[in-house]
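Secondary and tertiary structure notes
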Amino acid sequence: MAKKMQTIDGNTAAAHVAYAMSDVANIYPITPSSPIGEIADEWAAAGRKNIFGQTLLIRQLQSEAGAAASVHGALAAGTLASTFTASQGLLLMIPSMYKMSGEILPCVMHVTARAISAHALSIFGDHQDVMAVRQTGFAILASASVQEVIDLGLISHLAAIEGSIPFLHFFDGFRTSHEIQRVEIIDYEDMANLVKWDAVQQFRERAANPERPELRGTAQNPDVYFQGREAANSYYLKIAGIVEEYMKKIGELTGRRYKLFDYVGDPAAERIIISMGSSCETIEETVNHMTGKGEKVGLVKVRLYRPFSPEHLVDVIPESASLITVLDRTKEPGAIGDPLYQDVVTAFMEKDRRAKIVNGRYGLGSKEFNPSMVKAVFENMTGGSPKNHFTVGIDDDVTGTSLPVETGLDVTPEGTVQCKFWGLGADGTVGANKSAIKIIGDNTDMFAQAYFAYDSKKSGGVTISHLRFGKKPIQSTYLIDSADYVACHKSSYVHTYDVLQGIKDGGIFMLNSKWTAEEMEKELPAGMRRTIANKKLRFYNIDAVKIASDVGLGGRINMIMQTAFFKLANVIPVDDAVIYLKEQIEKMFGMKGDEIVNMNNAAVDQTLANMVEIKYPASWGDAVDEEGKGKDEPYFIKNIMRPMLAQQGDKLPVSSFRPDGIFPVSTTQYEKRGVAINVPEWVMENCIQCNQCAIVCPHAAIRPVLLTDEEVSNAPSGFEVIKAIGKELKEFNFKIQVNTLDCMGCGNCADICPAKKPALVMKPLETQTEMQVPNHEYSQTLPVRDNLVKRNSVKGIQLCQP
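Everything quoted here is computed from the prediction, not taken from an experiment. (Residues numbered from 1 in each chain as written. Predicted model: local features only at pLDDT ≥ 70, side-chain atom pairs only at ≥ 80, totals over all residues. Heavy atoms only, no water.)

Things to note about the pattern of salt bridges
Under the defined criterion, the tally for this structure stands at 34 salt bridges. Between K351 and E311 there is a salt bridge, and its shortest N-O distance comes to 3.6 Å. A residue pair is termed long-range when its members are at least 10 positions apart, and K351 in the loop between α14 (339-350) and β14 (356-362) and E311 in helix α13 (residues 310-316) qualify at 40 residues. On the accessibility criterion, K351 (39% relative accessible area) is partly exposed. (Salt bridge = Lys/Arg side-chain N within 4 Å of Asp/Glu carboxyl O. Helix = DSSP H or I, 4+ residues; strand = E, 2+ residues; numbered from the N terminus. Buried < 20%, exposed > 50% of the residue type's maximum accessible area, 1.4 Å probe, protein only.)

A word on the packing of aromatic side chains
Counted by the stated rule, this structure contains 19 aromatic pairs. Considering the side-chain rings of F261 and F308, the 5.4 Å spacing of their centres and the 70 degrees angle between planes classify their relative orientation as edge-to-face. Highlighted residues: F261 in strand β9 (residues 261-265) and F308 in the loop between β12 (304-306) and α13, separated in sequence by 47 residues. Between Y362 and F369 the ring centres are 4.5 Å apart and the planes differ by 45 degrees, which places this aromatic pair in the tilted class. (Phe/Tyr/Trp six-rings, centres within 6.5 Å; stacked < 30°, edge-to-face > 60°.)

A short note on the environment of D660
Residue placement: D660 occurs in the loop between α24 (635-645) and β23 (678-682). By relative accessible area, which is 39% here, D660 ends up partly exposed. It is 8.5 Å that separates the C-alpha atoms of D660 and A120, two residues lying 540 residues apart in sequence. In terms of polar contacts, D660 uses its side chain to reach the side chain of R658, at 2.7 Å. Within polar-contact distance, the side chain of D660 engages the backbone nitrogen of I662 at 3.1 Å. (Polar contact = N/O pair within 3.5 Å; in protein donor to acceptor, adjacent residues only side chain to side chain.)

Side note on the environment of R182
In this structure, R182 sits in strand β8 (residues 180-184). Among the residues examined, R182 registers a relative accessible area of 17% and is labelled buried. With 291 residues separating them along the chain, R182 and P473 place their C-alpha atoms 9.3 Å apart. Setting aside its immediate chain neighbours within four residues, R182 contacts M5, Q6, T7, G441, T444, D445, M446 and A448. A polar atom in the side chain of R182 sits 2.6 Å from the backbone oxygen of G441. (Contact = heavy atoms within 4.5 Å.)

Re the nonpolar core
By size, the foremost hydrophobic cluster in this structure holds 108 residues, and its most contacted members are M21, L168, V243, I274, L313 and I317. The greatest single-element share of this core, amounting to 10 residues, is contributed by helix α7 (residues 146-163). Here L313 is in contact with F261, I274, V300, F308, V344, A347 and F348, once residues within four sequence places are set aside. Grouped together as the second largest cluster of nonpolar side chains are 46 residues, F452, A487, Y540 and F565 included. (Core = buried A, V, L, I, M, F, W, Y, C linked by side-chain atoms within 4.5 Å.)

As for the sheet that holds strand β21 (residues 538-542)
If you trace the 9 strands from one edge of the open sheet to the other, you get β1-β8-β17-β18-β16-β19-β20-β21-β22, paired in mixed fashion. Because the sheet does not close on itself, it has two edges, and the strands there are β1 (5-9) and β22 (612-613). Where β21 and β22 come together, 2 bridges link them in antiparallel fashion. Residue pairing across strands places N541 opposite V612, the latter belonging to β22. (Pairing = 2+ DSSP bridges.)

Things to note about helix α11 (residues 233-254)
Taking 1.5 Å per residue as the helical rise, α11 with its 22 residues ought to reach 32 Å, and the 33 Å between its terminal C-alpha atoms agrees with that figure. At I239, α11 shows its largest bend, some 35 degrees. Among all positions of α11, only I239, A240, I242, V243, Y246, M247, I250, G251 and T254 are buried. Once α11 finishes, G255 follows within two positions and takes phi at roughly 85 degrees, a positive value. (Expected span 1.5 Å × (residues − 1). Bend = angle between axes of the 7 residues up to and from the residue.)

Considerations on the sheet that holds strand β3 (residues 57-60)
If you walk across this open sheet you meet the 7 strands as β3-β2-β4-β5-β7-β6-β12, and the pairing is mixed. Each having just a single partner strand, β3 and β12 make up the two edges of the open sheet. Neighbour to neighbour, the strand axes of the sheet diverge by 20 degrees on average, direction disregarded. (Axes fitted to C-alpha atoms, helices over the stretch in contact; angles between N-to-C directions.)

Here you go:
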């Protein structure tokens, strides 16, 4: 097989395989699996052919329950069908999953394993959803990396066809589904050569057919139901062998070898971790580091989780292993142990193998799992009595389950360049970094990895992009805590987040702001100035918003910041990077016309001309924070919400939270993110006092205010008002007050304004805050006058408290 390397994410990898191996995909979107269906749909629209020479038929149903039921129907009709889902979506499929397995039908579900909503919603990754369906009769195969999604995803389809058992192929939500890696693609011709075509024919021949009437889905009495459940045993007994055989064939085709359980580490290891999913990459990287220092440790990666094969597990574990920790990425409240642990303990008992086995839980809801935590798990096994049923990665000060973790273990391969980008949801930062990683992955022989940490606020929330490049394979499935390059794409973040946390001595810091070198002294917090000076950072600034505005791109600064990255990070020569960037621009925007292409090309050229290196004084190393009055805020805001907003929530202990997950209300008023690029400025002489701007604002960030003459006289300078219109309001003055720090800059208010001359004009945030922040604070002290105008009008209802 000729090697074809491509830089893609885990969802694209799953789509590549599912598209090839399916006749139909019945889908319903749910984070983080939605892109699999979207990508497959795009390919189908473009006429891409699968291994059967057909365009994949894709149908979106009205719920996950409908998607699963229609997959069942398609299978019954002799059609190879797939679906893609996660979390509660997967749970809604359970009734149909029992039917598919009960009728031995070869479906494949690709699942981006995700947390279940329990005390709170989490859109992030763990294994709770997969573990909630392990009893349905589906075979379950786990992938740990983007490359494995292609390889093991294909094995799932091949084994389902031959074994006639439905498969659930899963990989970790976000950590693998959205991680971008440079991988080797298996082409459709090679896939087709691995298919057992007589098994496909047999499956199609036993489809429901009016020419061959059959009675399916009967109701059975106690006399025969039990026997019917046992009748399929022979199919399940063959699955391990079938999967193993296809793993060998994939190995022969690609050179990548897999087993049902893979062991890595010291052949005479004494301490071993058993785990599955993306944690295996981190554990393997740490094991390699530890064995290199002479420690006798190892890892067993679980591939085929159902049917669970005790003999295959026990066979790969060195006889020397006396201490074993089984790590689960799920929580089963009230159980004697989490699922994988119970399976391993049972396997050891049945095979009469002796070892001390303990259970640990990690990584729920995409909680970070890094080498320092892996080391803590191994250290837990060094004492005479290791802690059992522990947690790692949190501080459990309530029930005492957590292991102590010593931070700072760096096991990244030498020569790996690590970069962090702080962006604003929808500013293009994530898209730009996806382009950057593809440029490097597709145009060099370097290994590349990208992972994006999203705020669940999505648009308008913080995004942190983690990019790694190097000459050696990258297995670091955890966030960067030691960066060579840090870029902050939103200047207000310097006051909210510790954006330079973990930057290396002599590293590069790129800031997007309108501040001059002189203004930096006043604008940057003292702690940031100390870090810059003491770590001798190379500090650069660019006014990307001005450049984007000048060339006509509005708030889309992504191409500018991407160009700055290639200029400074020196991963590839900047001249080559500019050529690749302009090729990407043509590819991305060519269909939208020359004007858009030229705007983006101009942004690239303007970037190189407008980057400024900030020559800071040595005195920054001794910068001292100005003493200000601490705000008097409620306990929850000060001690829980503030750390969470500052991306420091990982440090909060268990005791900070109520067991039922309830939070107090009215907390957003304390947030004040100030993330808009442009906010509305009220032009009072044009205002007709209709209050339509207030009703259309999604965040109640623009409010009408009624004031007496006395209240106007007590207002801050610049607090402009006009006489209120209407006989009920003749004693009052009127003002539209913008809450600039809560505004998201959508412009709905300016768009809706019906006045002949606009009463609202969008202006840059920094031109408004100095005056409007104190104005807003004063408006909050005024009484709400909601009993003067009837509430059955837009004007009246908007005078009420939102």
